[in-house]
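Structural overview
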Amino acid sequence: MESKFKIFVMVSIAVLGIAIAGSTFWMLKVLNTSQTQSMVSQERPPNKLKEVEVGDAIITNIASEGNGQHFAKIQIKVGVDASDTKNYEAFTSEFAERSASIRNELINVIGEQTYTMLSDTKAGKEKLADEIITRLNKLLGTEMIQAVYYEEYFIQ
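Only a predicted model underlies this, so the values are computations on that prediction, with no experimental measurement involved. (Residues numbered from 1 in each chain as written. Predicted model: local features only at pLDDT ≥ 70, side-chain atom pairs only at ≥ 80, totals over all residues. Heavy atoms only, no water.)

1. Structural notes on the packing of aromatic side chains
For the coordinates displayed, the defined rule picks out three aromatic pairs. Measuring from ring centre to ring centre gives 5.4 Å for Phe-91 and Phe-95, while their planes differ by 35°; the resulting arrangement is tilted. Taken together, the residues span about one helical turn, with Phe-91 and Phe-95 both in helix H2 (residues 85–97) at a distance of four residues. With respect to burial, Phe-91 and Phe-95 carry one shared label: buried. Arranged with centres 5.2 Å apart and planes meeting at 85°, the rings of Tyr-150 and Tyr-153 form a pair that is edge-to-face. A relative accessible area of 23% means that Tyr-150 is categorised as partly exposed. Classification of Tyr-153 by relative accessible area gives buried; the value is 18%. Of note, Lys-125 hangs over the ring of Tyr-150, and the distance from its end group to the ring centre comes to 5.9 Å. The side chain of Lys-125 reaches across the aromatic face of Tyr-153, ending 4.7 Å from its centre. (Phe/Tyr/Trp six-rings, centres within 6.5 Å; stacked < 30°, edge-to-face > 60°. Helix = DSSP H or I, 4+ residues; strand = E, 2+ residues; numbered from the N terminus. Buried < 20%, exposed > 50% of the residue type's maximum accessible area, 1.4 Å probe, protein only. Lys NZ or Arg CZ within 6 Å of the ring centre and 35° of its normal.)

2. Observations concerning the pattern of salt bridges
With the rule as written, the count across this model stands at nine salt bridges. Here Glu-105 makes a salt bridge to Arg-135, at a shortest N to O gap of 2.6 Å. With Glu-105 in helix H3 (residues 99–111) and Arg-135 in helix H5 (residues 121–140), this pair connects stretches of sequence that are 30 residues apart. A salt bridge links Lys-122 to Glu-126; its shortest N-O distance comes to 3.3 Å. Taken together, the residues Lys-122 and Glu-126, both in helix H5 and four residues apart, mark about one turn of the helix. When salt bridges that share partners are traced, they join Glu-51, Glu-53, Lys-77 and Glu-151 into one network. (Salt bridge = Lys/Arg side-chain N within 4 Å of Asp/Glu carboxyl O.)

3. Observations regarding the side chain of Arg-135
On the accessibility criterion, Arg-135 (19% relative accessible area) is buried. Filtering out sequence-adjacent residues up to four positions away, Arg-135 remains in contact with Glu-105, Asn-108, Val-109 and Glu-112. (Contact = heavy atoms within 4.5 Å.)

4. Observations regarding the nonpolar core
Ranked by size, the top nonpolar core spans 30 residues in total, and within it Val-78, Phe-95 and Ile-145 carry the most contacts. Those elements that place two or more of their residues in this core are strand S2 (58–62), strand S3 (70–81), H2, H3, helix H4 (115–119), H5 and strand S4 (145–155). Sort the elements by how many residues they give to this core and H5 lands first, with six residues. Beyond its immediate chain neighbours, meaning those up to four positions away, Phe-95 contacts Val-52, Glu-53, Val-54, Val-78, Ile-102, Leu-140 and Ile-145. (Core = buried A, V, L, I, M, F, W, Y, C linked by side-chain atoms within 4.5 Å.)

5. Notes on the side chain of Asp-81
Note that Asp-81 resides in strand S3. A distance of 2.8 Å separates a polar atom in the side chain of Asp-81 from a polar atom in the side chain of Ser-83. (Polar contact = N/O pair within 3.5 Å; in protein donor to acceptor, adjacent residues only side chain to side chain.)

In structure tokens, the structure reads:
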């Protein structure tokens, strides 16, 4: 009886050892594969963003919820998809030519925001950036603007 128990324990230990070795080998293989895929995606980013100057800071009144008057002073750069050099150069040329209409659109977008919304810095900045991206892309008939970078953000 005792020898059967020893055999059972030895077989159990051997099976457990094989199971541990197999699962370790499998996990290392999975981790290596995912790390390789991660490195590939880092080597080939989906797009390259280049910063494009919009100009001086925009200073404008913003929508008020009460009797007080508020204003915003915001200076931005836009992140433009530069993965296609020819399209990027055409975009920057048009962007420079249409600077007055772009600044006008920015004044309109910022002026439509409320003091409360812009004062909530994180959510307000994100919402404003999304609106700027949408409106400028629509104005220029493109989808190349993908980010907004705040150089100055002052609300009073």
